Amino acid sequence: MSLASGSTTRRRTREELTTGEELPAPITDTPSEPTEEPAAVPPVAGRRPRLHRAAVLPRILRAVLTGATKSVAIVALLLAWELAPRFGLVDGTFLPPFSEVAQAWWELVANGQLADNAQASLVRSFSGFGIAVAVSVPLGLLIGWYRPVADILNPLLQVFLNTAALALLPVFVLLLGIGETSKISLVAYACAWPILFNTISAVRTVDPTLLRLAKSMDLSAPRLFQKVILPASVPTIFTGIRLAGAVSIVVLVAAEMIGAKAGLGYLINASQYNFAIPQMYAGIVTISVIGVAFNQLLVAVEKRLSSWRVPATS
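Residues numbered from 1 in each chain as written. Predicted model: local features only at pLDDT ≥ 70, side-chain atom pairs only at ≥ 80, totals over all residues. Heavy atoms only, no water.

Participant: Which residues make up the overall build of the protein chain, and what values go with them?
Facilitator: Counting secondary structure elements, the protein chain contains 11 helices and 0 strands. Within the protein chain, residue pairs in contact and separated by at least 24 positions form 73% of the contacts whose partners lie at least 6 positions apart. When the accessible surface of the protein chain is totalled, it reaches about 21100 Å², and 66% of it is carbon and sulfur. (Helix = DSSP H or I, 4+ residues; strand = E, 2+ residues; numbered from the N terminus. Contact = heavy atoms within 4.5 Å. Areas by Shrake-Rupley, 256 points an atom, 1.4 Å probe, with all protein chains shown as cover.)

Put into structure tokens, the structure is as follows:
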């Protein structure tokens, strides 16, 4: 390129800058790479709370619907209990409205009578229930696994099973006195049989396929009990334990009505004699609530111990 052409180019460039005209793009031998615009990032942070709320709302609705469905029968019963005496369908003297029973229950709570009597009953009931579980579950496992032991003890167990626990209350009182020992022993005796026979049935009905697989792996007897027998027996054993939980409260209340100076059974009996009918029903309602709560506690423990089970699909 000559000097004249170079000077001419510089002069044209200065003229274009002064006039504001756009310069042409320089021509190069290598093609220019296209510039890519960054992709738009989805607003993940803004969507998460919305998705979370959308997922939680159906769960809340299902929980509310389930709770309402389960409480319909109880609400209907309480409503009928409230309205029947007020409309003269039953004698309000012997079946007062539920509102009066609730007021009497609150008065018992305020003066401490309900707490004292409930504590006495719960200590007796849980003590006898615990003794029954500690004795009946190992004995049931032993009888269910070893056939000779079952053949020896089965006739004796059938005799005691068909003897009502309350029929033996005078015997317990004569042998153990009228104190706490006789009542706890009676509860333990009544609770032992549902737990014992359900445990025996659980061991004998374990899936034979599981036993064959365990034996093919040359498991020792303790490992067989730990890995196969006990896990497979938990549901049936807890069926007996839940039955025993209900029996423990029923038998204890009946025993407290006959001979006791404290307890919910004593409270119900004393209220009947004093014609304090609302207080009597308050004691009955308290027993029902305790029974339901105790059963739900046992259900939660059963789910915890049998969490390995695959839930049944409908």
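Participant: Got a sec to walk through the packing of aromatic side chains? Specific residues and values, please.
Facilitator: Per the counting criterion, the structure on display carries 10 aromatic pairs. With a centroid separation of 6.3 Å and an interplanar angle of 85°, the aromatic rings of Phe94 and Phe275 are classed as edge-to-face. Of this pair, Phe94 sits in the loop between helix 2 (44-86) and helix 3 (98-111) while Phe275 is found in the loop between helix 10 (264-273) and helix 11 (277-305), placing the two residues 181 residues apart along the sequence. Aromatic pair Phe160 and Trp193: ring centres 6.2 Å apart, planes at 10°, arrangement stacked. Here Phe160, found in helix 5 (residues 147-161), pairs with Trp193, found in helix 7 (residues 180-204); they are 33 residues apart in sequence, far enough to count as distant. Taking the relative accessible area as the measure of exposure, Phe160 reaches 36% and is therefore partly exposed. (Phe/Tyr/Trp six-rings, centres within 6.5 Å; stacked < 30°, edge-to-face > 60°. Buried < 20%, exposed > 50% of the residue type's maximum accessible area, 1.4 Å probe, protein only.)

Participant: An account of the side chain of Arg124 is needed here, citing residue identities and associated values.
Facilitator: In this fold, Arg124 is placed in helix 4 (residues 113-145). Residue classification places Arg124 among the buried residues on the basis of a relative accessible area of 4%.

Participant: Kindly report on the packing of helix 4 against helix 9 (residues 221-258), identifying the contributing residues and their values.
Facilitator: At a minimum axis separation of 8 Å, helix 4 and helix 9 run at an interaxial angle of 145°. Two packed elements cross with a definite hand, and for helix 4 against helix 9 that hand is right-handed. Facing Ser121, Arg124, Ser125, Phe129, Val137, Leu141 and Trp145 of helix 4, the residues of helix 9 in contact are Leu224, Phe225, Ile229, Leu230, Ile237, Ile241, Ala244, Gly245, Ser248, Ile249, Leu252 and Glu256. Per-class residue counts for the contact of helix 4 with helix 9 are 13 nonpolar, 4 polar and 2 charged. (Axes fitted to C-alpha atoms, helices over the stretch in contact; angles between N-to-C directions. Left-handed = near helix turned anticlockwise from the far one by under 90°. Nonpolar A, V, L, I, M, F, W, Y, C, P; charged D, E, K, R; others polar.)

Participant: Explain the pattern of salt bridges residue by residue, including any values.
Facilitator: Across all of its chains, the model carries 4 salt bridges by this definition. For the salt bridge of Glu180 with Arg124, the shortest nitrogen-to-oxygen distance reads 2.6 Å. Here Glu180, found in helix 7, pairs with Arg124, found in helix 4; they are 56 residues apart in sequence, far enough to count as distant. Connected via shared salt-bridge partners are Arg124, Glu180 and Glu256. (Salt bridge = Lys/Arg side-chain N within 4 Å of Asp/Glu carboxyl O.)

Participant: Give me the lowdown on the nonpolar core, citing residues and values where you can.
Facilitator: Ranked by internal contacts, the top residues of the largest apolar core, which has 41 residues, are Phe129, Ile229, Ile241 and Leu264. Elements represented by at least two residues in this core include exactly helix 3, helix 4, helix 7, helix 8 (208-216), helix 9, helix 10 and helix 11. Looking at this core, the element that brings in the most residues is helix 9, giving 12 residues. Residues within four places of Ile229 in sequence aside, it is in contact with Trp145, Val203, Val206, Leu211 and Leu224. By size, the runner-up hydrophobic cluster in this structure holds 14 residues, among which are Leu157, Leu169, Ala190 and Val251. (Core = buried A, V, L, I, M, F, W, Y, C linked by side-chain atoms within 4.5 Å.)

Participant: Break down the environment of Ala80 for me, citing the residues and quoting the values.
Facilitator: Counting through the fold element by element, Ala80 comes out in helix 2. According to the relative accessible area criterion, Ala80 is partly exposed, its value standing at 43%. Separated by 17 residues in sequence, Ala80 and Pro97 have C-alpha atoms that sit 9.1 Å apart.

Participant: So what about helix 3? Which residues, and what values?
Facilitator: Given a rise of 1.5 Å per residue, 14 residues ought to cover 20 Å, and the 20 Å separating the end C-alpha atoms of helix 3 matches this to within 8%. Val101, Ala104 and Leu108 are the residues of helix 3 that are buried. Here the buried residues of helix 3 occupy an arc of 60° about the axis, which is enough to place them on one side. Residues of helix 3 that are exposed and point more than 90 degrees away from the buried face comprise Gln103, Trp106 and Ala110. One or two residues past the end of helix 3 sits Gly112, with phi positive at roughly 85°. (Expected span 1.5 Å × (residues − 1). Arc of directions from axis to C-beta.)

Participant: Residues and numbers for a nonpolar patch on the surface, please.
Facilitator: Nonpolar side chains collect at one region of the surface, where Leu79, Leu83, Phe87, Leu89 and Val90 lie side by side and expose about 520 Å² of accessible area between them. Among the structural elements, Val90 can be located in the loop between helix 2 and helix 3. (Patch = residues over 30% accessible without salt bridge, like charges linked within 9 Å, V, L, I, M, F, W, Y side chains within 5 Å.)

Participant: Break down the side chain of Ser125 for me, with residues and values.
Facilitator: With respect to the element layout, Ser125 can be found in helix 4. Under the relative-accessibility criterion, Ser125 is labelled buried at 2%. A distance of 3.2 Å separates the side chain of Ser125 from the side chain of Ser248, its partner in a polar contact. Ignoring any residue separated from it by four or fewer positions in sequence, one finds Ser125 in contact with Val187, Ser248, Ile249 and Leu252. (Polar contact = N/O pair within 3.5 Å; in protein donor to acceptor, adjacent residues only side chain to side chain.)

Participant: Describe the confidence of the model for the protein chain, naming the residues involved and giving the relevant values.
Facilitator: Any residue range with low pLDDT should be treated as having predicted coordinates unsuitable for detailed reading. Averaged over all residues, the pLDDT of the protein chain is 78; the fraction at 70 or higher stands at 80%. Helix 3 holds the highest mean pLDDT among the elements of the protein chain, 91, whereas helix 1 (residues 3-19) holds the lowest, 47. Per-residue pLDDT stays below 50 along residues 1-10; that stretch engages in 1 contact with residues further than four places along the chain or on separate chains. Contacts for the low-pLDDT stretch residues 13-34, under 50 throughout, to residues beyond four places or in other chains number 3 contacts. (pLDDT = per-residue confidence, 0-100.)

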